[in-house]
Amino acid sequence: MPTSPPLTRALPLFAAAATIVLVAAGCGTSNADPAKGRSLFIQKCGSCHTLAQAATTGTQGPDLDDAFAAGRSAGQDSDTIEGVVKAQVEFPRPSTNNPAVSMPAKLVEGQDLEDVAAYIGSVAGVPGAAPPQVVGGPGAQVFANNGCSGCHALAAANAGGTTGPNLDKVLPGQSAAQITQSIVDPNAKVTPGYPSNVMPQNFEQLIPAPQLKQLVQYLISSTGGAKASGKKKK
């Protein structure tokens, strides 16, 4: 996905959105893909918002679990929350030219907005929400937590994303340093056939260093990287 401007004050307190709630009930979309929405949320929104199920801890914008917990406990359903999210993304409040105060309008649009809103509507403020647990060790969990499967195919993770390169094809033989660079500086070497500025460029900030190392080792062991195979890429 292209790197986007920082998502900032996306949602005021839930009470401030009450007027939207009145018109948003029943706005659920049957063609939305919450799984894709999770990946998009992590990439586009996670640096500014906390959401437990997405494992994001951004603080520049509101904590979405806190923002919706009271409304959900009072009986607001997922469709209503989805409608609030869609309205706020399309028409951020407050609306200013200062990205530290308000979120850029239409940060995601069309089907992407449907997917992100459906995802947030299904998990925000849900007591005990946490990232889905996956097999394969800590590196596999980092891969899952950061929505990598939404853009990449990787057999070991049962991932079938097509936005980015198939990792089973492009990573074999690569060293840990090469794979790390492809994550933290994706434009340094773009895979032929894929445009630049597609992969988010802030994973070095989003993924703590120990988790980044776990992710790289997982990718090496899963795809036959240089360290796993004992080979050195010439």
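Above this text you will find the structure in question.
The rules behind the values
- Residues numbered from 1 in each chain as written.
- Predicted model: local features only at pLDDT ≥ 70, side-chain atom pairs only at ≥ 80, totals over all residues.
- Heavy atoms only, no water.
- Helix = DSSP H or I, 4+ residues; strand = E, 2+ residues; numbered from the N terminus.
- Buried < 20%, exposed > 50% of the residue type's maximum accessible area, 1.4 Å probe, protein only.
- Contact = heavy atoms within 4.5 Å.
- Areas by Shrake-Rupley, 256 points an atom, 1.4 Å probe, with all protein chains shown as cover.
- Expected span 1.5 Å × (residues − 1).
- Phe/Tyr/Trp six-rings, centres within 6.5 Å; stacked < 30°, edge-to-face > 60°.
- Arc of directions from axis to C-beta.
- Salt bridge = Lys/Arg side-chain N within 4 Å of Asp/Glu carboxyl O.
- 1 Å grid on protein atoms, 1.4 Å probe; cavity = no way out; pocket = protein on both sides within 12 Å on 5 of 7 lines; lining within 4 Å.
- Points joined across faces, edges and corners; volume = space filled by probe spheres on them.
- Nonpolar A, V, L, I, M, F, W, Y, C, P; charged D, E, K, R; others polar.

Q: Would you mind going over the overall build of the protein chain with me for this structure?
A: Tallying secondary structure elements over the protein chain gives 11 helices and 4 strands in all. Each of the 234 residues in the protein chain was classed as buried or not, and the buried ones make up 45%. Long-range contacts, defined as pairs at least 24 residues apart, comprise 67% of the intrachain contacts of the protein chain with a sequence gap of at least 6. When the accessible surface of the protein chain is split by element, carbon and sulfur atoms take 56% of a total near 11400 Å².

Q: Please explain unusual backbone geometry as it appears in this structure.
A: As a rule of thumb, non-glycine residues mostly have phi less than zero, and peptide bonds are mostly trans rather than cis. For Ala 55, which is not glycine, the phi torsion reads 60° and is therefore positive. Along the chain, the position of Ala 55 falls in the loop between strand 1 (50-51) and strand 2 (56-57). You will see that Asn 158, though not glycine, has its phi angle at about 55°, which is positive. Counting through the fold element by element, Asn 158 comes out in the loop between strand 3 (153-154) and strand 4 (159-160).

Q: Please clarify how helix 5 (residues 110-123) should be interpreted in this entry.
A: Every α-helix winds through 3.6 residues per turn, so residues three or four apart in the chain are directed the same way. Spanning 14 residues, helix 5 covers 21 Å between terminal C-alpha atoms, matching the ideal 20 Å at 1.5 Å per step. Within helix 5, 10 of the 14 residues are buried, which leaves the element mostly enclosed by the surrounding structure. Among the residues making up helix 5, those that are buried are Leu 113, Glu 114, Asp 115, Val 116, Ala 117, Ala 118, Tyr 119, Ile 120, Gly 121 and Val 123. In this structure, the buried residues of helix 5 make contact with helix 2 (34-44), strand 1, helix 3 (64-73) and helix 4 (78-90). Phi turns positive, to about 75°, at Gly 125, one or two residues after helix 5.

Q: Would you explain the packing of aromatic side chains in this entry?
A: Each aromatic ring pair is characterised by the separation of its centres together with the angle its planes make. According to the stated counting rule, one finds 2 aromatic pairs in the structure shown. Aromatic pair Phe 41 and Tyr 119: ring centres 6.1 Å apart, planes at 55°, arrangement tilted. One end of the pair, Phe 41, is in helix 2; the other, Tyr 119, is in helix 5, with 78 residues separating them in the sequence. Here Phe 41 falls in the buried class, since its relative accessible area comes to 0%.

Q: How do you make sense of helix 8 (residues 176-184) when you look at a structure like this?
A: Buried residues of helix 8: Ile 179, Ile 183 and Val 184, and no others. Along the long axis of helix 8, the arc covered by the buried residues comes to 125°, so they all point the same way. The secondary structure elements touched by the buried residues of helix 8 are helix 9 (203-206) and helix 10 (209-223).

Q: What exactly am I supposed to notice about the pattern of salt bridges here?
A: Pairs may arise between side chains of opposite charge once their charged atoms sit close together. Within the structure shown, the criterion is met by 2 salt bridges. One salt bridge in this structure joins Lys 36 and Asp 112, with 3.5 Å as the shortest N-O distance. Within this pair, whereas Lys 36 is found in helix 2, its partner Asp 112 is found in helix 5, the two being separated by 76 residues in sequence. Look at Asp 112 and you get partly exposed, because its relative accessible area is 21%. Across the pair Lys 86 and Glu 114 runs a salt bridge whose closest N-O atoms are separated by 3.2 Å. Of the two residues, Lys 86 sits in helix 4 while Glu 114 sits in helix 5, which places them 28 residues apart along the sequence. With relative accessibility at 16%, the residue Lys 86 sits in the buried group.

Q: Explain the layout of surface pockets here, please?
A: It is the rolling of a water-molecule-sized probe over the atoms that shows where space remains empty. Considering only enclosed or pocket space, the largest pocket measures out at about 780 Å³ in volume. Taken together, 41 residues line the largest pocket, and the ones lying closest to its centre are Pro 165, Ser 182, Lys 189, Thr 191 and Met 199. Among the elements of the structure, helix 7 (167-170), helix 8 and helix 10 are those that each provide at least two residues to the lining of the largest pocket. With 5 residues, the single largest contributor to the lining of the largest pocket is helix 8. Here the residues of the lining of the largest pocket sort into 24 nonpolar, 14 polar and 3 charged.

Q: So what exactly am I meant to see when it comes to the side chain of Thr 80 here?
A: As for its placement among the helices and strands, Thr 80 is situated in helix 4. Judged by relative accessible area, which is 3%, Thr 80 ranks as buried.

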